Amino acid sequence: MTITNDIRYIGVNDHEVDLFEGQYIVPNGMAYNSYAILDEKIAIMDTVDGRFAAPWLANIASVLEGRRPDYLVVQHMEPDHSANVAKFLEAYPEATVVASAKAFTMMKQFFGSDYADRRIVVSEGSTLCLGRHTLTFVTAPMVHWPEVIVTYDSADKVLFSADGFGKFGALDVQEDWACEARRYYIGIVGKYGPQVQALLKKAAGLGIQTICPLHGPVLTENLGYYLNLYDIWSSYRPESEGVVIAYATIYGNTRQAAELLAEKLTEKGCPKVSLFDLARCDMAEAVEDAFRYHKLVLASATYNGDVFPFMQTFIHHLTARNFQNRTVALMENGTWAPTAAKVMAKLLEGSKNLTFAEHSVKILSALSEDSRAQIEALAEELA
């Protein structure tokens, strides 16, 4: 793939992976992106997952057509991007590694060497001249590891954005960008909204025409669309109006209550209702929608004086990613001592700017005339 006259895509598609980072379902695989900048000197931008060393090195050889790379720029040390640093340096012993100081510390941990005899340590504002192309390095700590740098090529106005603007899915599969980019961002980067905001402010001063991320497609058109979504996500603002109902049920009674609420909300014209059985759904999808929409209903059976474990896990995923700026409603079920609502509220205590609905729902074992009336009142409030 040709990005510009001098920049080539040399990454790989992975259709073998089932769980990215050991937890995220990726039905359409993953792309591990790497790029070559061909100038008087040649820079390779990042490596790929360790299982794809051979095709990646073959891609490099193909685009270089007999030339040898001068630099390997390592923007991010997560193994899906850095696993082949040592193999690259064995294949090209004359090449120099370019990375942040923290990245070289991590290389020592991963590979047993920090390459002190063949490295360039860069920091905020450092530059590297390749000829026509001058690379400027911008630090991006905790987006989403502490050693991360992103790289701006002023000649072609390209931002190599590390994990920023990435998405799930291999490049040989056509799918909507926002859906899998949102799930990727919220799941992996979501905790670090303030750091992403800081990086967006730095990026605003650059004349970016192309974004080359380490996952997902190269972005070349309507960049304002992608930048706006990142601004929304990283500032924890709701993206759309809608209600997410996440429930944890044991024998189905809490599920029936959640489904009844969903029906009532739809009848009342709610623009979007998402319903998730937390024991059976893709948890990352439920987390994604909780951040996407502006209202969230948590419905759980009481379990050992606590909440059902899947609900506890779900709320942990939310709070670990700084869930905030939402309206939350609570539904609980119990036969002799319902405590789920109290526990769920306690789990959310550290979350900022949450507004709890005036109405709540208490189910005693199964739906009754009283609990149906409570659901009606809650639906009216939320809609």
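Residues numbered from 1 in each chain as written. Predicted model: local features only at pLDDT ≥ 70, side-chain atom pairs only at ≥ 80, totals over all residues. Heavy atoms only, no water.

A. Spatial organisation of the overall build of the chain. Each helix and strand in the chain was counted, giving twelve helices and 22 strands. Reported as C-alpha extents along the three principal axes, the dimensions of the chain are approximately 80 × 40 × 35 Å. Counting across all 383 residues of the chain, residues that qualify as buried make up 55%. Counting only contacts in the chain whose residues sit at least 6 apart along the sequence, the fraction spanning at least 24 positions is 70%. (Helix = DSSP H or I, 4+ residues; strand = E, 2+ residues; numbered from the N terminus. Buried < 20%, exposed > 50% of the residue type's maximum accessible area, 1.4 Å probe, protein only. Contact = heavy atoms within 4.5 Å.)

B. Fine view of the nonpolar core. Counting residues in each nonpolar core, the largest one holds 94 residues, and the members touching the most others are I44, M107, L298 and F314. If you tally residues by element for this core, the top one is helix α5 (residues 177–189), at eight residues. Apart from the residues lying within four places of it in its own chain, the contact partners of I44 are I10, S34, Y35, A36, W56, I60, L64, P69, Y71, L72, V73 and F88. Membership of the second largest hydrophobic core comes to 22 residues, among which are I245, A262, C270 and A299. (Core = buried A, V, L, I, M, F, W, Y, C linked by side-chain atoms within 4.5 Å.)

C. Region of the structure containing helix α1 (residues 53–64). Taking 1.5 Å of rise per residue, twelve residues should cover 16 Å, and α1 covers 17 Å from first to last C-alpha, within 8% of that figure. All of the buried residues in α1 are A53, W56, I60 and L64. The arc that holds every buried residue of α1, seen down its axis, measures 75°, which confines them to one face. The exposed residues of α1 that point more than 90 degrees off its buried face are A54 and S62. Contacts from the buried residues of α1 go to β2 (12–14), β6 (35–38), β7 (42–45) and α3 (85–91). (Expected span 1.5 Å × (residues − 1). Arc of directions from axis to C-beta.)

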